[in-house]
Amino acid sequence: MSQTFLLEPDIIAAAENILPDLNNDLIRAKNFLKQQSAATGDSLYDHLVDLVHKILAHKPPDVVDNFEQYSWEVKEEKLKPNFDLLNDVYLSPPQLEVMRRMDDMFRLVASKAQKMDDMGEEEQELDLEEESIKPRVSDVIDHNYYFRQGGYGLPERECYALYIALNMLSIKEPVATVRFFGKIFGTSADYYVAETDLTIEELDRRIREFDLKDMPGEGEGLAEEPAPEAEEHKEILGEGEGVELKPKEPVPPKLPPLPESTWTPEPPIPVERPGQGVNKKVYWVCTSLGSEWVCLPDTTPQHINVARLTVRAMIGDLDAEIQTFPPFEGTERHYLRAQIARIAAATSISPQGFYTFGSGEEEEDIDMEEAGDMNFNLNPFYHGHTIKDLVDPSLGYWVHHGRHILPQGRTIWWNPHADMQEEGEEEEDENLPPVIPETGPALFAPVAGDAPVASAAAWTPHVSSTLMSDRALALVRSNLWPGAVAYATDGKRSECLYVGWGLKQLIPNFSPLQLPRPQLEYFVGPEVMEMADPTFADEEAYRIAHLPPPPPQEYGEEGEMMGEEEEDDED
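Definitions and limits used
All chains use their own residue numbering, which begins from 1 and follows the written sequence. Reporting in this predicted model follows two pLDDT cut-offs: at least 70 for local features of residues, and 80 or more for side-chain atom pairs to be given and counted; totals over whole chains, interfaces and linings ignore these cut-offs and use all residues. Remark: hydrogens and water are excluded; side-chain values derive from all non-hydrogen atoms of the structure. Secondary structure elements follow DSSP: runs of H or I of four or more residues count as helices, runs of E of two or more count as strands, with numbering from the N terminus. Three labels apply to residues, based on accessible area from a 1.4 Å probe with only protein chains included: buried if under 20% of the type maximum, exposed if over 50%, partly exposed otherwise in between. The criterion used for residue contact is that any of the two residues' heavy atoms lie within 4.5 Å. Each accessible area is a Shrake-Rupley result for a 1.4 Å probe, and residues are judged covered by the shown protein chains and nothing else. Between Lys or Arg on one side and Asp or Glu on the other, a salt bridge is scored when a side-chain nitrogen of the former is within 4 Å of a carboxyl oxygen of the latter. Any helix carries an expected span of 1.5 Å times its number of residues minus one. The directions from the helix axis to the C-beta atoms are what the arc is built from. Axes here refer to lines fitted to C-alpha atoms; in helices the fit is confined to the stretch in contact. Angles between the N-to-C directions go from 0 to 180 degrees. Here is the rule for angles: anything less than 35 degrees is roughly parallel, anything more than 145 is roughly antiparallel, 65 through 115 is roughly perpendicular, and the remaining ranges are oblique. Two helices crossing with the near one rotated counterclockwise from the far one by less than a right angle form a left-handed crossing, whereas a clockwise rotation gives a right-handed crossing. The nonpolar core is taken to be a set of buried Ala, Val, Leu, Ile, Met, Phe, Trp, Tyr and Cys residues, with the residues joined through side-chain atoms within 4.5 Å. In protein, a polar contact requires one atom able to donate a hydrogen and another able to accept it; more generally it is a pair of N or O atoms within 3.5 Å, and residues adjacent in sequence count only if both atoms are side-chain atoms. Candidate patch residues must exceed 30% relative accessible area and have no salt bridge, after which like charges are joined if within 9 Å and Val, Leu, Ile, Met, Phe, Trp or Tyr side chains if within 5 Å. Per-residue confidence from the predictor is reported as pLDDT, which spans 0 to 100. Paired strands, in this sense, are two strands between which DSSP finds at least two bridges. Each aromatic pair joins two rings of Phe, Tyr and Trp (for Trp, the six-membered one) with centres within 6.5 Å, and gets the label stacked for planes under 30 degrees apart, edge-to-face for over 60, and tilted for any other angle.

This part covers the overall build of the protein chain. Secondary structure assignment for the protein chain yields 18 helices and 13 strands. Here the protein chain, with 571 residues, has 29% of them falling under the buried criterion. Sequence-distant contacts in the protein chain: of pairs separated by 6 or more residues, those separated by 24 or more amount to 63%. Here the protein chain displays about 41300 Å² of accessible surface, and carbon together with sulfur accounts for 55% of that area.

The full count for this structure, using the stated rule, is 16 salt bridges. Between Glu-332 and Arg-312 there is a salt bridge; the shortest N-O distance is 3.1 Å. Here Glu-332, found in helix α12 (residues 332-347), pairs with Arg-312, found in the loop between α11 (301-308) and α12; they are 20 residues apart in sequence, far enough to count as distant. Residue Glu-332 shares its accessibility class with Arg-312, and that shared class is buried. Via salt bridges that share partners, Glu-202, Arg-205, Arg-206 and Glu-209 belong to a single interconnected network.

Before going further, it helps to examine helix α9 (residues 200-214). With 15 residues, α9 ought to run about 21 Å at 1.5 Å a step, and its terminal C-alpha atoms sit 21 Å apart, in line with that. Within the span of α9, buried status applies to Glu-202, Arg-206, Ile-207 and Phe-210. For α9, the angular spread of the buried residues around the axis is 135 degrees, confining them to a single face. Facing away from the buried side of α9, by more than 90 degrees, are the exposed residues Ile-200, Glu-201, Arg-208 and Leu-212. On the buried face of α9, the contacting elements are β3 (191-198), β4 (282-286) and β5 (294-295).

What follows is about the packing of helix α7 (residues 140-149) against helix α8 (residues 156-172). Two elements in contact, α7 and α8, have axes whose closest approach is 9 Å; the angle formed by their N-to-C orientations is 150 degrees. One way to sum up the angle between α7 and α8 is to call them roughly antiparallel. For the crossing formed where α7 meets α8, the hand is right-handed. Contact with α7, carried on its side by Val-140, Ile-141, Asn-144 and Arg-148, involves Glu-156, Cys-159, Tyr-160, Leu-162, Tyr-163 and Leu-166 of α8 and no other residues of that element.

What follows covers the nonpolar core. In terms of nonpolar packing, the biggest core is built from 31 residues, with Leu-162, Leu-166, Phe-180, Tyr-192, Leu-289 and Trp-293 touching the most fellow members. Within the residue set of this core, elements represented by two or more residues are α5 (94-117), α7, α8, β2 (175-184), β3, β4 and β12 (484-488). Here this core takes eight residues from α8, the largest share from any one element. Tyr-191, Met-314, Ile-340 and Tyr-498 belong to the second largest nonpolar core, which has 27 residues in total.

Turning to its location among the elements, His-303 is positioned in helix α11. A polar atom in the side chain of His-303 sits 2.8 Å from the backbone oxygen of Glu-329. In this structure His-303 touches Phe-328, Glu-329, His-334 and Ala-338, once residues within four positions along its chain are discounted.

Moving on: the packing of α11 against α12. Interaxial distance between α11 and α12 falls to 9 Å at its minimum, and their mutual angle equals 80 degrees. In terms of axis orientation, α11 runs roughly perpendicular to α12. Judged by residue contacts, His-303, Ile-304, Ala-307 and Arg-308 of α11 engage His-334, Tyr-335, Ala-338, Gln-339 and Arg-342 from α12.

On the surface, Leu-309, Phe-325, Leu-513 and Leu-515 cluster together into a nonpolar patch covering about 380 Å² of accessible area. The residue Leu-513 is located in the loop between β13 (494-500) and α17 (536-545) in this model.

This paragraph deals with the confidence of the model for the protein chain. When pLDDT is averaged along the protein chain, the result is 80, and 76% of the positions lie at 70 or above. Put simply, helix α10 (residues 228-234) is where the protein chain has its lowest mean pLDDT, 45, and β4 is where it has its highest, 97. Note on residues 218-243: pLDDT is under 50 here. Beyond four places in sequence and across chains, it has 10 contacts. Below pLDDT 50 for its whole length, residues 360-364 participates in five contacts with residues either more than four positions away or in separate chains.

Once that is clear, we can look at the pairing of β4. Of all the five residues making up β4, five are buried; the element is thus mostly covered by neighbouring parts of the structure. The sheet contact formed by β3 and β4 spans five bridges and is antiparallel. Each residue of the ladder has a partner; that of Val-193, found in β4, is Val-285. As paired strands, β4 and β5 are joined by two bridges and run antiparallel to one another. Bridging from a neighbouring strand, Val-285 pairs with Val-294 of β5.

Attention now goes to the environment of Trp-459. In this structure, Trp-459 sits in strand β10 (residues 459-463). Each C-alpha atom of the pair Trp-459 and Ala-448 lies 8.4 Å from the other, and the pair is 11 residues apart in sequence. Beyond its immediate chain neighbours, meaning those up to four positions away, Trp-459 contacts Ala-346, Thr-347, Ile-349, Leu-395, His-400, Val-447, Asp-450, Val-476, Arg-477, Ser-478 and Asn-479. A distance of 3.0 Å separates the side chain of Trp-459 from the side chain of Asp-450, its partner in a polar contact.

Turning to the packing of aromatic side chains, a few remarks are in order. Counted by the stated rule, this structure contains 11 aromatic pairs. Their ring planes at 80 degrees and their centres at 5.7 Å tell us that Phe-181 and Tyr-283 sit as a pair that is edge-to-face. Here Tyr-283 lies in strand β4 and Phe-181 lies in strand β2, a separation of 102 residues in the sequence. Phe-181 gets classed as buried once you look at its relative accessible area, which sits at 4%. Note on Phe-185 and Trp-501: the rings are 5.6 Å apart at their centroids and 70 degrees apart in plane angle, and the pair reads as edge-to-face. Placement of Phe-185 in the loop between β2 and β3 and of Trp-501 in the loop between β13 and α17 is noted, with a sequence separation of 316 residues between them. A network of ring pairs unites the aromatic residues Phe-354, Tyr-355, Phe-357, Phe-376, Tyr-382 and Phe-444 as a single cluster.

Here helix α3 (residues 44-58) contains 15 residues, and its C-alpha end-to-end distance of 21 Å stays within 8% of the 21 Å for a straight helix at 1.5 Å per residue. Of all the positions in α3, only His-47, Leu-51, Lys-54 and Ile-55 are classed as buried. One side of α3 carries all its buried residues, which in axial view fall inside an arc of 95 degrees. Opposite the buried face of α3, by more than 90 degrees, sit the exposed residues His-53, Leu-56 and Ala-57. Taken together, the buried residues of α3 touch α4 (67-79). Two residues or fewer past α3, Lys-59 is found with a positive phi of approximately 50 degrees.

A separate point is the pairing of β3. Extensive coverage of β3 is indicated by the burial of seven of its eight residues. Two strands pair when backbone bridges link them, and β2 and β3 are joined in this way by eight bridges, in the antiparallel orientation. Bridge assignment links Arg-179 to a residue of β3, and that residue is Glu-195. Linkage of β2 to β3, two consecutive antiparallel strands, is achieved through a turn of six residues.

So this is what it looks like as structure tokens:
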């Protein structure tokens, strides 16, 4: 038998073919995965790298179960054309801006509280003086707890942020008291409404500004009359020699005299001063908790009277235009202020005896016409009523502490002839028709006297719980202004709140005010009268009747017409 002997190089080559080489296998496998597709130009290696990056970046749960879905999303993102230049632009979510405002509000209130806690012993006496000057903020969290017992109020999380926002208002603005009036819904944003009393210094400043607006300015109503010499110089075009006069305009034809209007506008009803009547309180609004509070302007009788004749939901923009008939002269901030005044006048109720006048006098000893603008405070001697009396259908234990708005648009009636009576114009005063003063319910008038709404009572009382009478409280809900509610316990707690659309209940449905009939501008006469348009036959007859006459014929020496001689010569 023949034997084959392998040399050393051949042995090494054979060993390389038999023994595995990990590096070579990895290179060959990597080269295989990097083979590009003829359709897309991508490779499986690049696709797996992108897929692993996506999984590690997002770290989704159940990767194995949804591996095919992630692979499809990676391939879809790669095939999607990148034409959008704003794809990589970062846009902060709207919630981030809200949280930043909330954080600033919390920091402001916290810094104020920390400053009060760090006061030393030397400042304790000053601290007592500051407590008397410090604005009083109503505990909306405590009141909201009782409202929620009857199914009303705000969520607890929103109520806590609202209480911080009210404290921010007391820190930034010159107010003496702060109370949460309610929340008015809007189509785009809602309004949080705070009711405040201004400090004495700020109120005096606003009264001075109000008085300066009413005072006529110096030199108003004085028109400068042109000098007679100036009238003569207006017609002169040049100066010196060769003065040329301006040619006079042609005299217009004599026309019938223009009719003179006999309508006289009613005198404008004056606005009540700051701190009086409907402007007794100052209202602030904001659309989101943490944003700046905006002070609403004082309302006017014109705004209130137009708001009574219209129905419009709020938008949430204080600068929005009000398009109604009769026309409303103002924006949504003025309309919102008028609606708040109407709601406060009709829905501010409390148990009988809960409030009292500052002098402590009885209601019978006070002139109610003057009491319409008097200040009232919490009654320190109020001991409360039983829940049974507060939920009695007769509503004999509930009274209004909101000032009634007269049809004139004011809480205190204004006599339009007062100026004439002061000047002593007796002759003119006799010719004027007598004016009947407007009257309304007095302050602390019982709720039982309110007009019914669709043959039902204006207020509906009910008890919060019939199982635990010792923890029950009485609630009264308004049927005239849906969303207005008031609560009272058998102790010394009571508050009213409004959460609604700011619309009054109208039965029957609302009917807009009709446009007035058009008036005659001119009296029908020979100069101004309507006539039917002429027909085509009439126009043609008029044209023929007004044709110019034919030109006259010329005659020769023998008395024959020149036209006939020319015709004979031609023949």
